[in-house]
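# Observations on the three-dimensional arrangement
Spelled out, the chains give:
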Amino acid sequence: MSTDTPDAPADDAPSRAELAARVEELETALSDATEDDDTQKMSIIATKGTLDMAYPPLILASTAAAFGYEVTVFSTFWGLDILHEERSKNLKLSSVGNPNMPVPNVVGALPGMDRVTTSMMEKKIDDNDTATIEELIETSLDMGVEFQACQMTIELMDYDEDDFYDGVTTGVGAATAIQDMADADIQLLV
C-alpha cells in the first residue's frame, strides 16, 4: 500500500521564504511592466482643410503633447491638406456658412470673397504673432505628436506621399485609426 496521498506535501515544494521571494520578484516585474501605463493618450481626427479648421487639431495636439500626452492626429479627406507641405501654405477661409464671419452670406458668396476673408484672417494671425500651420506641425512633430495620413484618401485625392511634411506617417488605414481611438483616453473629431 502506498503512503503517498494527494494531500501530502511534495518533497521538492518551495519553502515559504522561496515563495515570498518569488512573489516579490513577480510584483517588481509587474510594476516595471506597467510603469508607463500612466501616460495619457489623445487621438484627434482632422477632416477639414480650411484655414480656420487647421488650427484646432494642431493647437490641441501640441498643447496635449506639452502636458505629456501621447498624441496621434489622423487626417482624412480635406484634413490631409493640413499635412501637405504646399497645400498647407495656401489654406483658405470660407466666407459662406460661418455665422461668425463679419461678412453676410449674400456678400460672402460673391466671387473673390474667400480671398478677402482669407487675407483678413492671415493678417490677424500675423498681427498677433500666432504660429503658422507649418510652425505648429514642426513643433508638434518635435514634441512627439504622430501625424497620420489616411491611405484611402491619399489614393482618392491622387496625392503623392512625398508631398507631406517629413515625419508624417502615410499609408495609415481606418482600422489603425479606430484602434488608436479605442486605446486613447481622449478622442476628438475636428
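Here, the structure is the one placed above.
For the structure given in this document, a descriptive report is provided here.

Rules used in this analysis
Residues numbered from 1 in each chain as written. Predicted model: local features only at pLDDT ≥ 70, side-chain atom pairs only at ≥ 80, totals over all residues. Heavy atoms only, no water. Helix = DSSP H or I, 4+ residues; strand = E, 2+ residues; numbered from the N terminus. Buried < 20%, exposed > 50% of the residue type's maximum accessible area, 1.4 Å probe, protein only. Pairing = 2+ DSSP bridges. Axes fitted to C-alpha atoms, helices over the stretch in contact; angles between N-to-C directions. Contact = heavy atoms within 4.5 Å. Right-handed = clockwise from strand over helix to strand, strands pointing away. Patch = residues over 30% accessible without salt bridge, like charges linked within 9 Å, V, L, I, M, F, W, Y side chains within 5 Å. Areas by Shrake-Rupley, 256 points an atom, 1.4 Å probe, with all protein chains shown as cover. Salt bridge = Lys/Arg side-chain N within 4 Å of Asp/Glu carboxyl O. Lys, Arg positive; Asp, Glu negative; His and termini not counted. Charge placed at Lys NZ, Arg CZ, Asp CG, Glu CD.

### A look at the environment of Arg 115
Mapped onto the elements, Arg 115 comes out in helix 5 (residues 113-127). With relative accessibility at 60%, the residue Arg 115 sits in the exposed group. The sequence separation of Arg 115 and Leu 93 amounts to 22 residues, and the corresponding C-alpha distance is 7.7 Å.

### Some details on the sheet that holds strand 2 (residues 70-75)
Ordered by their spatial adjacency, five strands build an open sheet running 4-3-2-1-5, and the pairing between neighbours is parallel. Here the strands that pair on one side only, and so sit at the sheet edges, are strand 4 (169-172) and strand 5 (186-189). Across the sheet, the mean angle separating the axes of adjacent strands is 20 degrees when strand polarity is ignored. In this sheet, strand 2 lies alongside strand 1 (residues 41-46) in parallel orientation, the contact comprising six bridges. Across the sheet, residue Ser 43 finds its bridge partner in strand 2, namely Thr 72. Of the strands in this sheet, strand 1, strand 2, strand 3 (146-150), strand 4 and strand 5 are in contact with helix 8 (residues 174-183), which crosses strand 1 at around 140 degrees.

### What about the pairing of strand 4?
Pairing of strand 3 with strand 4 involves two bridges; the strand directions are parallel. Counted as the bridge partner of Gln 148 is Thr 169 from strand 4. With helix 7 (residues 151-156) bridging strand 3 and its parallel neighbour strand 4, the resulting β-α-β unit is right-handed.

### Things to note about a negative patch on the surface
The grouping of Glu 86, Glu 155, Asp 158, Asp 160, Glu 161, Asp 162 and Asp 163 at the surface amounts to a negative patch. Relative to the helices and strands, Asp 158 resides in the loop between helix 7 and strand 4. For Asp 158, a relative accessible area of 68% corresponds to the exposed category.

### Some remarks on the environment of Val 145
With respect to the helices and strands, Val 145 occurs in the loop between helix 6 (133-142) and strand 3. Classification of Val 145 by relative accessible area gives buried; the value is 4%. Look past the residues within four positions of Val 145 in its chain and what remains in contact with it is Ala 61, Ala 65, Val 71, Val 73 and Ser 140.

### Focus: a nonpolar patch on the surface
A surface patch of nonpolar side chains, about 450 Å² in accessible area, is lined by Phe 77, Trp 78, Met 152 and Leu 156. Turning to its location among the elements, Met 152 is positioned in helix 7.

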